[in-house]
Amino acid sequence: MRNWFVAIFLGLISLFVGCGPSQPPTEEVTSVDSAVIYLNELNQAIANNERDPDLYNQRAKFFLADKEFDKALKDINKAITLDDKNPDYYLTLSDIQLLMGQTDNCLTALNRAAALDPNSLDARLKMAQLYLILRNYNSTFTVINELIALDSYNPRAYFLRAIAFMEKGDTAKAVGDLMKAVDQDQQYYEAYMQLGELFSIRNDALAEGYYLNALRVKPDNKEALYLLGLYYQNTEQFEKALQTYQHLCITAPGFRNAPFNKGYIYLVYLTDFPKAIEAFTEAIDIDPNYTDAFFNRGYAYELNDQPDLAYQDYKNTLKLDVNNPRAVERLNELDKSGKIR
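Throughout what follows, the structure given in this document is the object of discussion. (Residues numbered from 1 in each chain as written. Predicted model: local features only at pLDDT ≥ 70, side-chain atom pairs only at ≥ 80, totals over all residues. Heavy atoms only, no water.)

### Digging into the packing of aromatic side chains
Rules: Between rings of Phe, Tyr and Trp, where Trp is taken as its six-membered ring, a pair exists when centres lie within 6.5 Å; planes separated by under 30 degrees are stacked, by over 60 edge-to-face, and by other angles tilted. Whether a charge sits over a ring depends on NZ of Lys or CZ of Arg being within 6 Å of the ring centre and within 35 degrees of the ring normal.
Under the defined criterion, the tally for this structure stands at 14 aromatic pairs. Three or more aromatic residues joined by ring pairs form one cluster here, namely Y38, F62 and F63. Its end group placed over the ring of Y290, R256 keeps NZ or CZ at 3.7 Å from the ring centre. Above the face of the F295 ring, R326 is positioned so that its terminal group lies 4.1 Å from the ring centre.

### What to know about helix α5 (residues 69-82)
Where we set the bar: Helix and strand assignments come from DSSP, with helices taken as H or I runs of at least 4 residues and strands as E runs of at least 2, each series counted from the N terminus. In this analysis, the expected span of each helix is defined as 1.5 Å times one less than the number of residues it contains. Only protein chains enter the area calculation, which uses a 1.4 Å probe; residues under 20% of their type maximum are buried, those over 50% are exposed, and those in between are partly exposed. Comment: arc refers to directions from the helix axis out to C-beta atoms. Contacts are residue-level and defined by heavy atoms, with any inter-residue pair within 4.5 Å sufficient.
Its 14 residues give α5 an end-to-end C-alpha distance of 20 Å, which sits within 8% of 20 Å, the value for a rise of 1.5 Å per residue. Listed as buried for α5 are A72, L73, D75, I76, A79 and I80. Along the axis of α5, the buried positions cluster into a sector of 170°, meaning they face one direction only. Along α5, exposed side chains directed more than 90 degrees from the buried face belong to D70, K74 and T81. Those residues of α5 that are buried are in contact with α4 (53-65) and α6 (87-99).

### Observations concerning helix α16 (residues 257-269)
End to end, α16 covers 17 Å across 13 residues, agreeing with the expected 18 Å (1.5 Å per residue, within 8%). For α16, the complete set of buried residues consists of A258, P259, F260, N261, K262, G263, I265, Y266 and L267. Residues of α16 that are buried make contact with α14 (222-234), α15 (238-251), α17 (273-286) and α18 (291-303). Positive backbone phi, approximately 45°, marks T271, located one or two places after α16.

### A few points about the pattern of salt bridges
What counts here: Any Lys or Arg side-chain nitrogen located within 4 Å of an Asp or Glu carboxyl oxygen qualifies as a salt bridge.
On inspection of all chains with the given rule, the structure shows 14 salt bridges. Put simply, K71 and E68 hold a salt bridge, and the shortest N to O gap is 3.0 Å. The exposure class of K71 is partly exposed, given its relative accessible area of 45%. Exposure remark for E68: the relative accessible area of 25% places this residue in the partly exposed category. A salt bridge links R256 to D287; the nearest nitrogen and oxygen atoms lie 2.5 Å apart. Separated by 31 residues along the polypeptide, R256 in the loop between α15 and α16 and D287 in the loop between α17 and α18 bring together distant segments of the chain. Among the residues examined, D287 registers a relative accessible area of 19% and is labelled buried.

The following block contains the structure:
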């Protein structure tokens, strides 16, 4: 669970910025050329109407999406100077300040947005995310409970509370909130993934359904396919695991872990050494510095009665990881065996 949870937790910052009306114009900006056109249009619009705060807010979001934080901050401050009563501008300001690491200023901006619009769900949602990022769980729960009181249909609020519960070690409550999130939003990929991970820890068959739902939302997603494959592997459903990893090899050909895991299944569980060698070779072709793949292929060669090739792969392992204890041990054993020509 921890790897996926860390990814979710680190992703809270991007979720924060993507929430509510302050979302950067990513749909319009789909390429370098269209980004230049979009920025030129904004610049021209501002030149024609220098007193329109919305234009500065839009350009601030553009610069934020482009990680030009100083420019974004300058523009949003100009928008607030022109109109300091619009809560949306303070939400944009909070996005910028969070990504600049100014969490205290971010909270001040969110409080200002909430004061201007006491019913703003976006301000409270961002505030809850900020408190969660800061691991201030009591404040996280307080704000989320306020959110749900204002609007019980709020899947993201339930998701955030689930993450807070998991951080505090209460997985039962976390599962309950995640289920509420996917019940309210049946396209909630992150919630399906987290449910899949929580149930896969227990080797619970429900994990498969949650991962498949995640793939329904994001077909061929590398992360979802890989974790589904791991679930199958850990529950000894090896044919399903191999099929999933093979599908991943096709849809994400540069992802080295998929062929490596195929090789591991063939090597350890199915004892099909030629197929293991083939899979580890595929992983090495993707990443010529893949130490574990060299060692495992060497071991597969050794078990397949190809000691010279095994010896070479153990040597390659040591080139990448000097004094690798497993490679040193196998080389010593091969030397003692007298099989090396």
